[in-house]
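Structural features, examined
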Amino acid sequence: MLTKEIVPHVKFNGNETIETLDILIEEMGDSHVSTSTDTPMRAGAFDLSDAEKIKAIEEHFKSIMDIMGLDLTDDSLKGTPHRVAKMYIKEIFQGLNPANKPRVALFDNKYKYNEMLVEKNISFYSNCEHHFVPIMGKAHVAYISSGKVIGLSKLNRLVEYYAKRPQVQERLTMQIGKELQQVLGTDNVAVLIDAKHLCVASRGVEDNTSSTVTAFYGGAFKNEQRKNEFLKYLQFDTAF
Ligand SMILES: [Zn+2]
């Protein structure tokens, strides 16, 4: 794997400049460095309708396949550009559009349950924003009610919404944590994500066994005891 250490030794002239840029681009991707908590979106990101986006992506994807030398008149391949475009906008990247954000209804915590609630093993599929290949894993989320409670399935839906974007795992973890804090009106939120990145497993360093763990601890979860309680619940085997 390319490392930062070798970059300073490359001279910035002629073709080497392009090589250096290429090394830096690869390095940024393999290191999975992200730049902000918010997904970087350009101005006017939603000026086009979904249908217009699908049409435009379809044309571009057709070009990519054509450049690679694939025969787009082949029955098996000719529908692929449309399928990919539709999948991008309507499925795997639909979380880019705030219009698709799940509506969350809160309920009063009438039974005064004031211990932590943990929703564990929420499976999700996302995509790495550096390589556009899948990230798959499990999210575990917890909160301690400040008087309001949320429908359990909404926790899954919120994880899914933020996963359906080009992502880096650190940002995904923080976006889910901050959203839950806002929705639930409490800082007492914890998120732990354990995921496998295909850009690490199937290419690059080609490590098929490693997984990446990231965590977000807010409010009471910054307390060691609470944090340990949360982590202990995650060790329980489910009975079914
Ligand atoms: Zn990647």
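Quick caveat, the model's predicted, so the values are computed rather than measured.

When you go through the protein residue by residue, the secondary structure sums to seven helices and seven strands. Reading the secondary structure of the protein in the N-to-C direction produces α-α-α-β-β-β-β-α-β-α-β-α-β-α. Overall, the protein is about 65 × 45 × 40 Å in size when its C-alpha atoms are taken along their principal axes. Residue burial in the protein is summarised as follows: out of 240 residues, 23% are buried. Residue pairs in contact within the protein that sit at least 24 positions apart in sequence constitute 68% of those at least 6 positions apart.

What follows covers the nonpolar core. Counting 29 residues, the largest nonpolar core has Ala139, Val141, Val159, Ile176, Ala190 and Val191 as the members making the most contacts within it. Listed by contribution, the elements that provide at least two residues to this core are β2 (116-128), β3 (134-144), α4 (152-163), α5 (169-184) and β6 (189-197).

Across the protein, the average pLDDT comes to 90, with 91% of residues at 70 or higher. Confidence over residues 1-12 falls short of pLDDT 50; this stretch has 17 contacts with residues more than four positions distant or in other chains.

With respect to the helices and strands, Leu192 occurs in strand β6. For Leu192, a count of 22 C-beta atoms within 10 Å gives the class buried. Distance from Leu192 to Ile176, taken between C-alpha atoms, is 9.9 Å for residues 16 residues apart in sequence. The contacts of Leu192, once residues within four sequence positions are left out, are His140, Val213, Ala215 and Leu234.

Here the focus is the domain arrangement of the protein. You'll often see interface size given as the accessible area lost when the parts meet. Partitioning the protein into structural domains gives domain 1 (1-31) and domain 2 (105-235). The partner domain 2 presents four residues to the four residues of domain 1 that form the contact. When the residues that make up the side of domain 1 that touches domain 2 are grouped by side-chain class, the tally is two nonpolar, one polar and one charged.

Let's shift gears to the packing of helix α2 (residues 50-67) against helix α3 (residues 80-92). With their axes 8 Å apart at the nearest point, α2 and α3 run at an angle of 135° to one another. With respect to α3, the element α2 is oriented oblique. Crossing handedness for the pair α2 and α3: right-handed. For the pair α2 and α3, the contacting residues are Asp50, Lys53, Ile54, Ile57, Glu58, Phe61, Lys62 and Met65 in the first and Thr80, Pro81, His82, Val84, Ala85, Lys86, Tyr88, Ile89 and Lys90 in the second. Counted by class, the contact of α2 with α3 contains nine nonpolar, two polar and six charged residues.

Time to look at unusual backbone geometry. With the exception of glycine, the majority of residues adopt a negative phi angle, and the majority of peptide bonds are in the trans configuration. Phi is positive for Lys112, which is not a glycine, with a value near 55°. With respect to the helices and strands, Lys112 occurs in the loop between β1 (106-108) and β2. In this structure Lys112 comes out as exposed when scored by C-beta crowding, with 8 C-beta atoms within 10 Å. For Asn121, which is not glycine, the phi dihedral falls at a positive 55°. On the secondary structure map, Asn121 appears in strand β2.

With that settled, consider α2. In this model, α2 (18 residues) spans 26 Å end to end at C-alpha, consistent with the 26 Å of a helix rising 1.5 Å per residue. Once α2 finishes, Gly69 follows within two positions and takes phi at roughly 95°, a positive value.

What follows covers the environment of Phe107. Tracing the chain through its elements places Phe107 in strand β1. Between the alpha carbons of Phe107 and Val149 there is a distance of 5.1 Å; along the sequence they are 42 residues apart. Leaving out residues up to four positions away in the same chain, Phe107 has contacts with Lys148 and Val149.

This part is about the pairing of β6. Of all nine residues making up β6, seven are buried, and the element is well covered by its neighbours. Summarising the sheet, β3 and β6 pair through nine bridges and their orientation is antiparallel. Pairing of Lys138 across the sheet is with Asp194, part of β6. Across six bridges, the pairing between β6 and strand β7 (residues 212-217) is antiparallel. Of the residues in β7, the one forming a bridge with Asp194 is Val213.

So, how was this worked out
- Residues numbered from 1 in each chain as written.
- Predicted model: local features only at pLDDT ≥ 70, side-chain atom pairs only at ≥ 80, totals over all residues.
- Helix = DSSP H or I, 4+ residues; strand = E, 2+ residues; numbered from the N terminus.
- Buried ≥ 20, exposed ≤ 12 C-beta atoms within 10 Å, placed from the backbone.
- Contact = placed C-beta atoms within 7 Å.
- Core = buried A, V, L, I, M, F, W, Y, C linked by C-beta atoms within 7 Å.
- pLDDT = per-residue confidence, 0-100.
- Domains from an automatic or database assignment.
- Nonpolar A, V, L, I, M, F, W, Y, C, P; charged D, E, K, R; others polar.
- Axes fitted to C-alpha atoms, helices over the stretch in contact; angles between N-to-C directions.
- Parallel < 35°, antiparallel > 145°, perpendicular 65-115°, else oblique.
- Left-handed = near helix turned anticlockwise from the far one by under 90°.
- Expected span 1.5 Å × (residues − 1).
- Pairing = 2+ DSSP bridges.

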